[in-house]
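These are the residues of each chain, in order.
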Amino acid sequence: MFLILACGSNGNFQLGNGSDEDLNYLQNVHFVDDVTIHGKPMKIAGGGNHTLILFEDGQVYSAGSNEYGQLGIDPVISKSSPRFAPILGKWKDVACGWEFLVLLDTEGIAWSCGLGTKGELGIGDGIRQANKPTKVSIPDGLTFEIVRCGVFLTIARTLNGQLYGWGVCRKGQLGIQPKLSNGKPRASIWSPEKLETPLDYVTRFEMGRECTYIEGKDNLVYQLGTEITKVEMSPQIQHVDQIETMWSSIHFRSSNTIVSQGNNSHGQLLNDTPEDPLVCMATGSEHGLVLTQLNKVYAWGWGEHGNCGRHENNNDDDSDNQDPVTYSKLNLIYDDIHKVIAIGGGCATSWVVIEK
Amino acid sequence: MSESIYDEIEIDDFTFDPVTHLLQYPCPCGDKFAIALEDLEDGEDIAVCPSCSLMVRVIFDEDDLEQFKEQLE
Ligand SMILES: [Zn+2]
């Protein structure tokens, strides 16, 4: 069976463990129904104060703040869900933005709900809120394979590598925008529009808080911002195995090497190497996680809410013993016998899926 | 002081609430950075988060504040 463990920021029950206290060690999450029936967790998506889990069989569960209907469950039930509750239907991909979610159904149609004051929901001009999953305004026949959300925007990719986006676009996050009569670029896109990019086929895409990164064949990466620029790859990166973004930095993994670019105010740019080879990395808003071949999970970056675990010198239960805010070196958060099958990061939250 | 500033954010990216007079922007912890319009008028430019130690510097000109003042009352 599979278990999902979480730690970090929990003020709105976004860890789904029944409590609203922050956690600096991994603890089981809870489901409103029985935890053992859901099968294999495939993806964990974290929003500002809510979290989604996608299972292999297409079920999706959500927990945390439901203030604007961003859990996709019946908002009449409550303003938050302290445990993971099911969203009706079967889904093939999920993503969370700041106060909204986007779901792809098995046909590849996008649905969204929650709050999107800048077009994040993509359900029509000026429509800012939906209490339950609502069909995104996509032209007939257009379907998507993958969806991702930034803080205030959504991008979905078609089977043939084309990107469509909606939400905030003032900084060029969805491609260069036309200027309005006041001389400023258009600020919001309320229904999906095709992104104009230098790439014929986009293999991967990731969003930072104010820009979007797209990758084509041969590890060619562009940054979409106020201008479109090619990202110069460090010579240490032979082949990009993974690209992940925090809100203000980007991280390339090439086998056991991670090369980071961007904001380093809180140790976000990794400057440490674990003792054993890497399996994968994941990022949250301003912290990162790595899984190693010896089945250990380490965290780094901004860890103020316990999302990077507790400091090794903080082993007693003395609450006066403060953990550091910044973890500039890798900090061990999981070292147990059960096999880790996935890791994930949200807004100051960390997630480890184990098989027991 | 400057080493504790997490990032710099343009005022156009903040959301203004005419009732509370607060300009707000998401914090990576899940809460929101906030600064009062009156504080910006007094020349302050650091927005703080009530739930963590992170702070951001607001990038703005005096003229940028007019659009928010117009929304009051
Ligand atoms: Zn905060």
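Values in this document were obtained by computation on a predicted structure and should not be read as measured data.

Trainee: Looking at this structure, I do not really get the overall build of chain B. What am I missing?
Mentor: Looking only at helices and strands, chain B has two helices and six strands in total. Helices (α) and strands (β) of chain B occur, in sequence order from the N terminus, as β-β-β-β-α-β-β-α. Whereas a compact globule of 73 residues would reach a radius of gyration of roughly 11 Å, chain B reaches 12 Å, a difference of no more than 12%. In terms of overall dimensions, chain B has C-alpha extents of about 35 × 20 × 20 Å along its principal axes.

Trainee: Before we go on, may I ask you to explain the packing of aromatic side chains in this structure?
Mentor: Two numbers describe a pair of aromatic rings. These are the distance of the centres and the angle of the planes. Enumeration according to the criterion identifies 12 aromatic pairs over all chains in this entry. Ring geometry for F31(A) versus F84(A): centroids 5.6 Å apart, planes at 35 degrees, classification tilted. Taken together, the positions of F31(A) in the loop between strand 2 (23–28) and strand 3 (41–46) and F84(A) in strand 6 (residues 80–87) put the pair 53 residues apart, joining distant regions of the chain. For F84(A), a relative accessible area of 0% corresponds to the buried category. A ring pair is formed by F14(B) and Y25(B), whose centres lie 5.6 Å apart and whose planes are at 45 degrees; its orientation type is tilted.

Trainee: Please clarify how the interface of chain A and chain B should be interpreted in this entry.
Mentor: It is common to give the size of an interface as the accessible area that goes away when the parts come together. Counting from both sides, the interface comprises 27 residues of chain A and, opposite them, 20 residues of chain B. Across the interface of chain A and chain B, roughly 1800 Å² is buried in total on both sides, 46% from carbon and sulfur atoms. Our enumeration of links across chain A and chain B arrives at seven salt bridges. Linking E99(A) and K32(B) is a salt bridge whose minimum nitrogen-to-oxygen distance equals 3.3 Å.

Trainee: In this structure, what is going on with the coordination of the zinc ion? I would like to understand it.
Mentor: Around a metal, the ideal angle is 109.5 degrees if four donors adopt a tetrahedral arrangement and 90 or 180 degrees if six donors adopt an octahedral arrangement. All names here are of chain B. Each protein donor to the zinc ion is listed here as C27 (SG), C29 (SG), C49 (SG) and C52 (SG); together their distances run 2.3 Å. Its four donor atoms give the zinc ion angles of 100 to 121 degrees at the centre, a pattern that matches the tetrahedral case. Counting along the primary sequence, the residues that act as donors to the zinc ion give the motif C-x1-C-x19-C-x2-C. Residue C49 shares its accessibility class with C52, and that shared class is buried.

Trainee: Just checking my understanding: could you explain the UniProt feature "domain: DPH-type MB" (unreviewed entry) in chain B for this structure?
Mentor: Those residues carrying the UniProt feature "domain: DPH-type MB" (unreviewed entry) are residues 5–61 of chain B in this numbering. In this annotation, residues 5–61 of chain B is assigned 9% helix and 47% strand; the end-to-end C-alpha distance for the span is 19 Å.

Trainee: Where do I start with the pattern of salt bridges in this structure?
Mentor: Where charged atoms from two side chains of opposite charge approach closely, those side chains can pair. One pass over the full model with this rule turns up 19 salt bridges over all chains. The salt bridge partner of E145(A) is K92(A), with a shortest N-O separation of 3.3 Å. A residue pair is termed long-range when its members are at least 10 positions apart, and E145(A) in the loop between strand 10 (129–135) and strand 11 (146–149) and K92(A) in strand 7 (residues 91–96) qualify at 53 residues. Since its relative accessible area comes to 31%, K92(A) is described here as partly exposed. Each of R170(A), K171(A), K184(A), R209(A), E210(A), D7(B), E10(B), D12(B) and D13(B) takes part in one network of salt bridges that share partners.

Trainee: Help me understand the side chain of H305(A), please; the structure alone is not making it clear to me.
Mentor: If you trace the backbone, H305(A) turns up in the loop between strand 24 (296–302) and strand 25 (326–335). The exposure class assigned to H305(A) is buried, which follows from its relative accessible area of 8%. Excluding anything up to four places from it in sequence, H305(A) contacts G8(A), S9(A), D22(A), L23(A), A348(A), C29(B), S51(B) and C52(B).

Trainee: What should I look at first to understand the pairing of strand 12 (residues 153–157) of chain A in this one?
Mentor: Residues in a regular strand project their side chains so that they alternate between the two faces of the sheet. Residue and element names in this part refer to chain A. Here strand 12 lies mainly inside the structure; five of its five residues are buried. The two faces of strand 12 match: L153, I155 and R157 on one face and T154 and A156 on the other face are all buried. As judged from the four bridges shared by strand 11 and strand 12, these two strands associate in the antiparallel manner. If you follow C149 over to strand 12, its bridge partner there is T154. From the end of strand 11 to the start of strand 12, which pair antiparallel, there are three residues. By the bridge criterion, five bridges tie strand 12 to strand 13 (residues 163–168) in an arrangement that is antiparallel. Along strand 13, the bridge assignment pairs T154 with W166. Between the antiparallel neighbours strand 12 and strand 13 lie five residues, among them G161 with a positive phi of about 80 degrees.

Trainee: Would you explain the confidence of the model for chain B in this entry?
Mentor: For any part of a model where pLDDT is low, the fine detail of the predicted coordinates should not be relied upon. Scored by pLDDT, chain B comes out at a mean of 94, with 96% of its residues at no less than 70. Both confidence scores are given for the complex: pTM 0.95, ipTM 0.94.

Criteria and cut-off values
- Residues numbered from 1 in each chain as written.
- Chains lettered and ligands numbered in written order.
- Predicted model: local features only at pLDDT ≥ 70, side-chain atom pairs only at ≥ 80, totals over all residues.
- Heavy atoms only, no water.
- Helix = DSSP H or I, 4+ residues; strand = E, 2+ residues; numbered from the N terminus.
- Rg over C-alpha atoms; globule rule 2.2 N^0.38 Å.
- Phe/Tyr/Trp six-rings, centres within 6.5 Å; stacked < 30°, edge-to-face > 60°.
- Buried < 20%, exposed > 50% of the residue type's maximum accessible area, 1.4 Å probe, protein only.
- Contact = heavy atoms within 4.5 Å.
- Buried area = accessible area lost by both parts, 1.4 Å probe.
- Salt bridge = Lys/Arg side-chain N within 4 Å of Asp/Glu carboxyl O.
- Donors = N, O, S within 2.8 Å, 3.2 Å for Na, K, Ca; no water.
- Tetrahedral: all angles 85-135°; square planar, octahedral: opposite > 155°, others 65-115°.
- UniProt positions renumbered as here; feature names shortened; annotations may be inferred.
- Pairing = 2+ DSSP bridges.
- pLDDT = per-residue confidence, 0-100.

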